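Here's the letter readout for the chains.
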Amino acid sequence: MVVGARSALYRRALEVIPGGVNSPVRAMRAVGLDEPFFVRAGDGAYLEDVDGNRFLDWVMSWGPLLFGHADADTVAAVRSAAERGTSFGAPTEGEVDLAAAIADAVPSVEKVRLVSSGTEAAMSALRLARAFTARDRVIKFAGCYHGHADTLLASGGSGLATLGIPSSPGVPSATTSHTIVCPYNDVDAVADAVAHYGEGLAAIIVEPVAGNMGVVPPAPGFLAALRDLCDASGALLLFDEVITGFRVARGGAQERYGVIPDVTILGKIVGGGLPLAAFGGRAEIMDRLAPAGDVYQAGTLSGNPLATAAGLAVLRRLGHDVYAELERRGARLEAGLEPHGRVQRVGAMATLFMTDGPVRDFDGAQACDADRYAALFRHLLERGIYVAPSQYEAMFLSLAHGDDEIDRTIEAVADFDR
Ligand SMILES: *Cc1c(COP(=O)(O)O)cnc(C)c1O
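Residues numbered from 1 in each chain as written. Predicted model: local features only at pLDDT ≥ 70, side-chain atom pairs only at ≥ 80, totals over all residues. Heavy atoms only, no water.

## Brief notes about the pattern of salt bridges
And step 1. For the structure shown, the criterion picks out 22 salt bridges.
And step 2. Between Glu48 and Arg40 there is a salt bridge whose closest N-O contact spans 2.5 Å.
And step 3. Here the salt bridges do not stand alone but share partners, grouping Glu325, Arg328, Arg329, Arg332, Asp403 and Asp407 into one network. (Salt bridge = Lys/Arg side-chain N within 4 Å of Asp/Glu carboxyl O.)

## What to know about the sheet that holds strand β3 (residues 54–57)
And step 1. Read across the open sheet, the 4 strands follow the order β1-β2-β3-β16; overall the sheet is mixed. In the strand order of this sheet, the two ends are held by β1 (39–43) and β16 (385–386), each with one partner.
And step 2. Note that β1 and strand β2 (residues 46–49) share 4 bridges and pair antiparallel. Bridge pairing in β2 places Val39 opposite Asp49. (Pairing = 2+ DSSP bridges. Helix = DSSP H or I, 4+ residues; strand = E, 2+ residues; numbered from the N terminus.)

## Quick notes on the domain arrangement of the protein chain
Many descriptions give the size of an interface as the accessible area lost when the pieces come together.
And step 1. If you check the domain split of the protein chain, you get domain 1 (4–58 + 319–417) and domain 2 (75–315).
And step 2. Between domain 1 and domain 2, the C-alpha centre-to-centre distance is 25 Å.
And step 3. At the junction of the two partners, domain 1 supplies 24 residues and domain 2 supplies 26 residues.
And step 4. Taking both sides of the interface into account, the surface hidden between domain 1 and domain 2 amounts to around 1,900 Å²; carbon and sulfur atoms contribute 61%.
And step 5. At the junction of domain 1 with domain 2, the criterion picks out 1 salt bridge.
And step 6. Of the charged contacts, one joins Arg256 and Glu327 as a salt bridge, the two residues approaching to 3.4 Å between their closest N and O atoms.
And step 7. Scanning the region where domain 1 abuts domain 2 turns up 8 residue pairs in polar contact (both at pLDDT 80 or more).
And step 8. The element contributing the most residues to the side of domain 1 that touches domain 2 is strand β15 (residues 349–353), with 4 residues.
And step 9. Among the residues forming the side of domain 1 that touches domain 2, the class breakdown is 13 nonpolar, 5 polar and 6 charged. (Domains from an automatic or database assignment. Contact = heavy atoms within 4.5 Å. Buried area = accessible area lost by both parts, 1.4 Å probe. Polar contact = N/O pair within 3.5 Å; in protein donor to acceptor, adjacent residues only side chain to side chain. Nonpolar A, V, L, I, M, F, W, Y, C, P; charged D, E, K, R; others polar.)

## Let's talk about the environment of Lys268
And step 1. With respect to the helices and strands, Lys268 occurs in the loop between β12 (263–266) and β13 (277–281).
And step 2. Of the residues examined, Lys268 reaches a relative accessible area of 27% and is grouped as partly exposed.
And step 3. Spatially, the C-alpha atoms of Lys268 and Thr244 are 9.2 Å apart, while their sequence positions differ by 24 residues.
And step 4. When neighbours within four sequence positions are excluded, Lys268 is seen to be in contact with Trp62, Gly63, Pro64, Val242, Ile243, Gly273 and Leu276. (Buried < 20%, exposed > 50% of the residue type's maximum accessible area, 1.4 Å probe, protein only.)

## Focus on the packing of helix α6 (residues 187–197) against helix α7 (residues 222–233)
And step 1. Orientation of α6 relative to α7, taken along the N-to-C sense of each, is 10 degrees, at an axis distance of 10 Å. Our classification of the angle between α6 and α7 gives roughly parallel. For the pair formed by α6 and α7, the contact residues are Val187, Val190, Ala191 and Val194 on the first element and Phe222, Ala225, Leu226, Leu229 and Ser233 on the second.
And step 2. Taken together, the residues of the contact of α6 with α7 sort by class into 8 nonpolar, 1 polar and no charged. (Axes fitted to C-alpha atoms, helices over the stretch in contact; angles between N-to-C directions. Parallel < 35°, antiparallel > 145°, perpendicular 65-115°, else oblique.)

## As for the site of the ligand
And step 1. Taken together, the neighbourhood of the ligand is formed by Ser117, Gly118, Thr119, Tyr145, His146, Gly147, Glu207, Asn212, Asp240, Val242, Ile243 and Lys268.
And step 2. A distance of 2.7 Å separates an oxygen atom of the ligand from a polar side-chain atom of Thr119.
And step 3. The backbone of Tyr145 places a nitrogen or oxygen atom 3.2 Å from a nitrogen atom of the ligand.
And step 4. Burial of the ligand by the protein chains amounts to 82% of its free accessible area of 380 Å².
And step 5. The residue makeup of the shell around the ligand, split by class, is 3 nonpolar, 6 polar and 3 charged. (Near = heavy atom within 4 Å. Areas by Shrake-Rupley, 256 points an atom, 1.4 Å probe, with all protein chains shown as cover.)

## Re the nonpolar core
And step 1. Counting residues in each nonpolar core, the largest one holds 59 residues, and the members touching the most others are Trp58, Ile102, Phe246, Leu318, Phe377 and Tyr386.
And step 2. At 6 residues, the largest contribution of residues to this core is made by helix α13 (residues 370–382).
And step 3. Grouped together as the second largest cluster of nonpolar side chains are 29 residues, Phe141, Val190, Ala219 and Val259 included. (Core = buried A, V, L, I, M, F, W, Y, C linked by side-chain atoms within 4.5 Å.)

## Structural notes on the packing of aromatic side chains
And step 1. Under the definition given, this model contains 8 aromatic pairs.
And step 2. Against the face of Tyr46 rests Arg54, its NZ or CZ located 4.4 Å from the ring centre. (Phe/Tyr/Trp six-rings, centres within 6.5 Å; stacked < 30°, edge-to-face > 60°. Lys NZ or Arg CZ within 6 Å of the ring centre and 35° of its normal.)

## Regarding unusual backbone geometry
And step 1. In this structure, the amide linkage connecting Ala290 to the following residue, Pro291, adopts the cis form with an omega of 5 degrees.
And step 2. Take Pro291: it is sitting in the loop between α9 (283–286) and α10 (305–315).
And step 3. Of note, Ala70 is a non-glycine position whose phi angle comes to about 50 degrees, a positive value.
And step 4. In this structure, Ala70 sits in the loop between β3 and α2 (72–82).
And step 5. Phi is positive for Lys268, which is not a glycine, with a value near 50 degrees.

As structure tokens, this is what we get:
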């Protein structure tokens, strides 16, 4: 691997950007790299860095790129939109088209509001749930990530429901004291928490397939139990489908598992690789948002015309053939990786955990061999294959990953094991 321009860029970056990166995971420190590579361009399933190295990319911008880098339809849609102006701060047709496409695909969504990031969508959905229920408390799950809004930046003790403690300096403990953290897949812990706090409970928020502790599927009955607990207590069920939306099925995890939340949070694929996210649900809930209702929420760049064009260029191609093909390729990847660790996969998202048994929750994910994962990461990168620079992430399959890319990856992992 050639390393030249990268080092100079990283030194410059360190002088003007905290840690040299605009999102911490990009520094690639968890896998023991001294410096990250800097991307010059992407094409299909491949990245090229500033030193001319080519990498087969399994990160895919952390999920948005279902058709690969520089997808021709997306690029054409964005270029054509840009020629008509990049932002207006007034309504456009693209926003209506994208909202309609989301409502058509996602079972729980009658009305939807567009925002610019998953963080913003989750934060706004929670405000709406609190207003709608006139309650403050929220249950979240250890190992699930919902962006970096204060309320949701809470971690808990292990193995039982606990009051959230701030997981970053700068988050007031008064804010996270309204957040209860439960272990993922643990219905008893959630039932306990609801019994304790149910009267003040505004919402349960969950990644219906966890993707931010590595891929952890919901245990059979887990999502349905959350639905029942919400119905019994009057809390709203919020599915954070920022990763799973348009990935594990056209209608997301709610379609795949047949459990319908009150509010759905979307991001990543819905913006086709541009900064766009959304939250939506029943009209009765969504109409509490200003100016229809009294809950304030706004954004200068919300529903940006470039982003809606990119999102539409992706969503309009998502037929059942797409998901059948992703499933076939996912199964091929899973079968090939299986001898080398514990593979957990749902559709087009998968994690190779460095352990033998099933990973059901964050404690299980943390028990995996992170050093071994870091060694695998470096082995693969040397061979031109870029997987997530952390054990707690997923491999994101796209339609640009063909059988050759899958087989080459499997071969390189097998080589690591020898
Ligand atoms: C990425 C992610 C977010 C945050 O989205 P951003 O656009 O990075 O703010 C929220 N929830 C989940 C499940 C995510 O994976």
